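Examination of the molecular architecture
Letter by letter, the chains look like this.
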Amino acid sequence: MQKQPSKATLSLFLFFPGVAMLLGWGLRGYIGGGPFGAMIPGAMVALAIGILLRLRPSFLSMVVVFGVVGIGLGGEMTYGQTLGFLRDPDTLWWGCMGTTVKGAVWGLGGGALLGLGLIHHQLKKSTVVLSLVLLIVGLVLGIGLINTPQLIYFSDPVNKPRSESWAGLLLGALALIGYLRFTIEKPLFKLVARFSSYGLIAGGLGFGLGGLWIFLGSLLPEVLFKSWWKMMEFSFGFLFGAGLGYAAWKSRKEIGDPDIEAPKTVSPGFEWLLSGILVALVYYVFPWLVDTIMDTLYPDGNGGVLLHFLQVFDSYAFYGLVFVVIALYRSAWAWQVGITLTFCHTAIDYMRDLRPSPEVEVSAWIQVSVVFLSTLLVAYLVAVSSRKEEVIYSLFQLLIWSTVVVAFVSLFSDIFIEGAFRFQGLPDLLVRVLFVHFVFLASALYVSLQAKRLNSASISRANLLAS
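Residues numbered from 1 in each chain as written. Predicted model: local features only at pLDDT ≥ 70, side-chain atom pairs only at ≥ 80, totals over all residues. Heavy atoms only, no water.

Bringing the overall build of the protein into the picture now. For the protein, the count of helices and strands is 20 helices and 0 strands. The buried share of the protein, reckoned over its 467 residues, is 56%. The contacts of the protein with a sequence gap of at least 6 include a subset with a gap of at least 24, amounting to 81%. (Helix = DSSP H or I, 4+ residues; strand = E, 2+ residues; numbered from the N terminus. Buried < 20%, exposed > 50% of the residue type's maximum accessible area, 1.4 Å probe, protein only. Contact = heavy atoms within 4.5 Å.)

This is the structure we're talking about:
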């Protein structure tokens with residue numbers, strides 16, 4: 001009897017992107033933070049949704065870029081001190097409000113950009129670029145009007161106060177959404193609005209509820225389990241990813257699968273070389289140039305409006321705009337932007353986190369060499385994989401396992417080289433040290449196997465729309 005074609009289900013649309021983002025978020029928090037680290041969950045959730053929607057590789061490569069930029073952008077926010085409020089019953093509710101607001105802002109912007117990625121092919125390129133420019137304008141205004149004067153402040157105003165940016169990201173997202181509301185067709189805006197709203201709800205719930213693990217940990221200081229921060233990240237990632245997956249499920253009949261012509265490609269070797277140049281410019285040359293200019297012009301850090309203007313060029317919002325422009329006008333580079341640049345910062349963060357010890361010293365040249373060699377290897381694999389028949393599946397596996405390998409290398413270097421962990425007995429090793437990596441491995445296996453099943457299953461677009 002011939003096997004009937006499978007149908008995608010709502011539970012799959014919730015669980016598959018949820019676990020993918022759980023994994024990406026956990027890896028981001030373990031290996032490195034900041035907006036560049038947040039590119040990992042952005043790439044993973046965009047790929048998971050693309051696989052579920054059966055999107056073509058030439059289209060999905062651009063969607064991944066928008067996912068990387070959208071989720072990465074929220075990483076501009078500081079939240080360590082906000083989570084610190086959750087450890088004190090007197091400041092618990094303020095901490096909950098702060099994490100909920102920041103999670104909601106993260107979800108609003110991330111959902112808006114992911115939704116924009118799903119309709120970008122139906123818009124003029126100038127419309128897409130201008131929407132991102134307005135996002136940057138809103139970011140600067142929000143930081144200047146609300147965050148800098150600390151009108152509403154969710155960090156510690158006394159002990160090493162942090163520079164917040166949640167209001168800037170909020171105004172930036174609203175500027176982008178507002179501009180699209182009045183410039184694009186209503187059905188297209190409806191899709192952006194759906195991803196924005198579900199992202200806002202899921203992000204707010206994910207961070208607001210996930211942060212309560214920190215509070216629980218403060219009540220149980222003597223227990224063997226200590227990975228409360230990771231539980232927060234896992235919970236935030238899962239709920240955020242599930243929310244975006246639900247938006248995709250609700251939009252599955254509206255999201256088209258355009259037959260975009262595959263971009264003209266150069267040889268894998270030449271693409272490998274160009275990717276290395278791009279990595280150097282994005283992560284080393286341009287930041288160094290901007291920092292040098294700011295330090296030369298304003299050594300005391302006081303430069304008024306012009307300094308704030310220069311700081312824009314050292315923000316992820318600007319880099320995100322650059323990523324999108326590169327992919328829009330050189331679509332053959334989209335996979336390199338979405339996968340290789342994401343992996344590169346994983347390697348950078350790992351090398352930065354190596355703590356020199358009396359036994360081992362890692363020079364700057366060795367760190368740079370490791371970053372470039374590992375990144376060039378991934379860039380070459382991306383170039384080769386993007387020419388395979390099973391492009392999406394191959395690149396998803398490459399992203400999953402390259403980042404997971406870095407996490408396990410970090411673990412082994414901590415234990416055997418730096419001696420960072422001092423465990424007493426097997427229970428302590430399993431619960432305190434290896435728990436997080438068990439979650440990484442289990443999540444990676446689930447996502448990897450589910451992607452393989454979906455790749456081989458006969459879930460057609462027709463069956464998807466009928467489900």
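Take the pattern of salt bridges next. A complete count under the given rule lists 3 salt bridges for this structure. A salt bridge links E254 to R194, with the nearest nitrogen and oxygen atoms 3.0 Å apart. Here E254, found in the loop between helix 11 (228-250) and helix 12 (268-297), pairs with R194, found in helix 9 (residues 186-210); they are 60 residues apart in sequence, far enough to count as distant. Residues E233 and K230 are paired through a salt bridge, measuring 2.4 Å at the closest nitrogen-oxygen approach. You can see E233 and its partner K230 sitting in helix 11, 3 residues apart, about one turn around the helix. (Salt bridge = Lys/Arg side-chain N within 4 Å of Asp/Glu carboxyl O.)

In this section: the packing of aromatic side chains. Per the counting criterion, the structure on display carries 21 aromatic pairs. On the numbers, 4.7 Å between centres and 55° between planes, the contact of W25 with F236 is tilted. Of the two residues, W25 is situated in helix 1 (residues 10-31) and F236 in helix 11; the sequence distance between them amounts to 211 residues. Judged on exposure class, the residue W25 and its partner F236 are both buried. (Phe/Tyr/Trp six-rings, centres within 6.5 Å; stacked < 30°, edge-to-face > 60°.)

Where nonpolar side chains cluster on the molecular surface, the patch consists of L200, I201, L205, L209, L212 and L239 and spans about 480 Å² of accessible area. Top element by residues in the nonpolar patch is helix 9. It accounts for 4 residues. For L205, the location among the structural elements is in helix 9. (Patch = residues over 30% accessible without salt bridge, like charges linked within 9 Å, V, L, I, M, F, W, Y side chains within 5 Å. Areas by Shrake-Rupley, 256 points an atom, 1.4 Å probe, with all protein chains shown as cover.)

Taking 1.5 Å per residue, 17 residues should reach 24 Å; helix 4 (residues 57-73) reaches 24 Å between its end C-alpha atoms and fits that length. Of all 17 residues in helix 4, 16 are buried, a share of seventy percent or more. (Expected span 1.5 Å × (residues − 1).)

Another point: the environment of S163. Topologically, S163 is positioned in the loop between helix 7 (125-147) and helix 8 (166-183). In this structure, the C-alpha to C-alpha distance between S163 and P149, residues 14 residues apart in sequence, is 10.0 Å.

Between helix 4 and helix 6 (residues 92-119), the shortest axis-to-axis distance is 8 Å and the interhelical angle comes to 165°. With respect to helix 6, the element helix 4 is oriented roughly antiparallel. Note on packing geometry: the crossing formed by helix 4 with helix 6 is right-handed. Where helix 4 approaches helix 6, its residues F59, V63, F66, G67, V69, G70, I71 and L73 are matched on the opposing element by W106, G109, G110, L113, L114, L116, G117 and L118. Residue composition of the contact of helix 4 with helix 6, by class: 11 nonpolar, 5 polar and no charged. (Axes fitted to C-alpha atoms, helices over the stretch in contact; angles between N-to-C directions. Parallel < 35°, antiparallel > 145°, perpendicular 65-115°, else oblique. Left-handed = near helix turned anticlockwise from the far one by under 90°. Nonpolar A, V, L, I, M, F, W, Y, C, P; charged D, E, K, R; others polar.)

Note that every value here comes from positions in space, so none of it alone points to a role or purpose.
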